[in-house]
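Residue-level structure breakdown
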Amino acid sequence: MARIELVNLGHRYASHLPYALQPQSLVWDDGGAYALLGPSGCGKTTLLNIISGLLIPSDGQVRFDGQDVTRLPTEQRNIAQVFQFPVIYDTMTVFDNLAFPLRNRKVPEREVKSRVQEIAEILDLTGELKRRASGLSAEDKQRISLGRGLVRKDVAAVLFDEPLTVIDPHVKWLLRRQLKRIHQQLKLSLVYVTHDQVEALTFADQVVVMYEGQVVQSGPPQALFETPEHTFVGHFIGSPGMNLLPCDVAEQGVRLADHTLPIATDHLSRLRATGQPITLGIRPEFIRRAQADDALVLTAQVHRLEDLGTYRLLTAQIGGHLLSAKLGEHEQIDTPQIRLAFEPGRVMFYANGQRVA
Ligand code: ATP
């Protein structure tokens, strides 16, 4: 397994085009499970292709354990890859498919057998080992592809490019769990590209969120949820995402529509110092019906209340902006207005997309 370093790494597909990947530096630890998460066109595949050696970057370096591999072809990088669609040999048995990457490297047959059995067990393929791959479902074939990617112990990293796309949604959660288990058991370095936040958050220890060619935040799922460092992270992660409301900085607090929310003076000076328009961010999970002793209270016009089983999703309007709040499953609202409270410590402020307080 290898520590992967990206040093001032950037890419332009042609000198007259803007950067598809903005120059940036990152370090990914040996044995970590990283997900590259972001919408279509944000640069995930470009970055993955640079790491795998399919693409030589226009700027910067890729290092595996300190060694510069930027210009090394894929086959000399000692990586395994799993793609969106199964890459297996239909005429071979499941066992031979799983054994292929090991036999290719002249691993002794006894070791091949034990390793294939170990991987087959984790992926629930033990009962299929003697079957020809051609007779299997698309899901099982992709399971074999995953197994082929994970079977070697000596790879620097395993790269996954949206590997669960062809998998039925009912089976996806199971495979996600299996992947997580494989990572915990085998301690492989994994890099996993996806645009699906659930996939990224359940699989990875560290989620690398990309937006317009840049990594806007990298951290454990909880940090991305609790402290988004960029408005894009707040908006993209969560369902629904963070509420983002333009506000004004006043003497005693921030003004939101016709309310003044009291904010600590050091926060206020930080907001003022930016000289930029300020956006207040609060997740729907951290808004509730106001109680007598709440400090951050405002009155909103009720738009609708949807019963979503385990909670009720309130959409309310405040000063021309819509706001979402996840209220308790039994919450009733019989009035056109509701007093809502923001949980102290959960309110974030952003200038130019970046968190400032
Ligand atoms: P998707 O999830 O749709 O694959 P992505 O996040 O992987 O998107 P990339 O495919 O890396 O994004 O694309 C990043 C940017 O680079 C996009 O603006 C895309 O249009 C552009 N791009 C990708 N490949 C090329 C190419 N061969 N030539 C020119 N521009 C390209």
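Residues numbered from 1 in each chain as written. Predicted model: local features only at pLDDT ≥ 70, side-chain atom pairs only at ≥ 80, totals over all residues.

As named in an unreviewed UniProt entry, the chain is Glycerol transport system ATP-binding protein, taken from Chitinivorax tropicus.

The helix and strand tally for the chain stands at nine helices and 21 strands. Projecting the C-alpha coordinates of the chain onto the three principal axes gives extents of approximately 75 × 50 × 35 Å. For the chain, buried positions account for 39% of its 357 residues. Summarising the internal contacts of the chain: among those between residues at least 6 apart in sequence, 65% fall at separations of at least 24. (Helix = DSSP H or I, 4+ residues; strand = E, 2+ residues; numbered from the N terminus. Buried ≥ 20, exposed ≤ 12 C-beta atoms within 10 Å, placed from the backbone. Contact = placed C-beta atoms within 7 Å.)

Taken together, the six strands give an open sheet; going across it, the order is S6-S7-S8-S3-S9-S10, and neighbouring strands pair in mixed fashion. Of all the strands in the sheet, just strand S6 (79–82) and strand S10 (214–219) have a single pairing partner and so form its edges. Taken pair by pair, the neighbouring strands of this sheet meet at an average axis angle of 20°, ignoring direction. Across five bridges, strand S3 (residues 33–37) lies against strand S8 (residues 190–194) in parallel orientation. Note on S8: the bridge partner recorded for Ala 33 is Leu 190. (Pairing = 2+ DSSP bridges. Axes fitted to C-alpha atoms, helices over the stretch in contact; angles between N-to-C directions.)

For the rest of this paragraph, the subject is the packing of helix H2 (residues 94–103) against helix H4 (residues 138–150). Geometry of a packed helix pair, given as the angle between the helix axes and the separation of the axes. Running from N to C, H2 and H4 point in directions that differ by 30°, and their axes come no closer than 7 Å. Classified by the angle their axes make, H2 and H4 are roughly parallel. By crossing handedness, the relation of H2 to H4 is classed as right-handed. Counting all contacts with H2, which are made through Val 94, Asn 97, Leu 98, Phe 100 and Pro 101, the residues of H4 involved are Ile 144, Gly 147 and Arg 148. Split into classes, the residues belonging to the contact of H2 with H4 amount to five nonpolar, two polar and one charged. (Parallel < 35°, antiparallel > 145°, perpendicular 65-115°, else oblique. Left-handed = near helix turned anticlockwise from the far one by under 90°. Nonpolar A, V, L, I, M, F, W, Y, C, P; charged D, E, K, R; others polar.)

Bringing the nonpolar core into the picture now. Of all hydrophobic cores here, the largest spans 71 residues; its most connected members are Tyr 34, Ala 35, Leu 36, Ala 157, Val 158 and Val 209. Discounting residues that sit within four places of it in the chain, Val 158 has contacts with Ala 80, Val 82, Gly 149, Leu 150, Leu 188 and Leu 190. Core analysis: the next-biggest nonpolar cluster, separate from the first, contains 25 residues, Leu 271, Leu 280, Ala 316 and Met 348 among them. (Core = buried A, V, L, I, M, F, W, Y, C linked by C-beta atoms within 7 Å.)

In this section: the confidence of the model for the chain. Overall, the predicted model of the chain reaches an average pLDDT of 94, with 100% of residues at or above 70. Note on the complex model: pTM 0.92, ipTM 0.98. (pLDDT = per-residue confidence, 0-100.)

The subject of this paragraph is the pairing of strand S19 (residues 337–342). Going residue by residue along S19, you find Ile 338, Leu 340 and Phe 342 tucked away on one face and Gln 337, Arg 339 and Ala 341 left uncovered on the opposite face. Where strand S15 (residues 287–289) lies against S19, three bridges are found, and the strand directions are antiparallel. Bridging across to S19, Arg 289 finds its partner in Leu 340. Pairing analysis gives five bridges linking strand S16 (residues 297–307) to S19, with the strands arranged antiparallel. When the sheet's bridge partners are listed, Leu 298 is paired in S19 with Leu 340.

Its 13 residues give H4 an end-to-end C-alpha distance of 18 Å, which sits within 8% of 18 Å, the value for a rise of 1.5 Å per residue. Within H4, eleven of the 13 residues are buried, which leaves it mostly tucked inside the rest of the structure. Among all positions in H4, only Asp 140, Lys 141, Gln 142, Arg 143, Ile 144, Ser 145, Leu 146, Gly 147, Arg 148, Gly 149 and Leu 150 are buried. Buried residues along H4 sit in contact with S6, H2, helix H3 (109–122), strand S7 (157–161) and helix H5 (169–186). (Expected span 1.5 Å × (residues − 1).)

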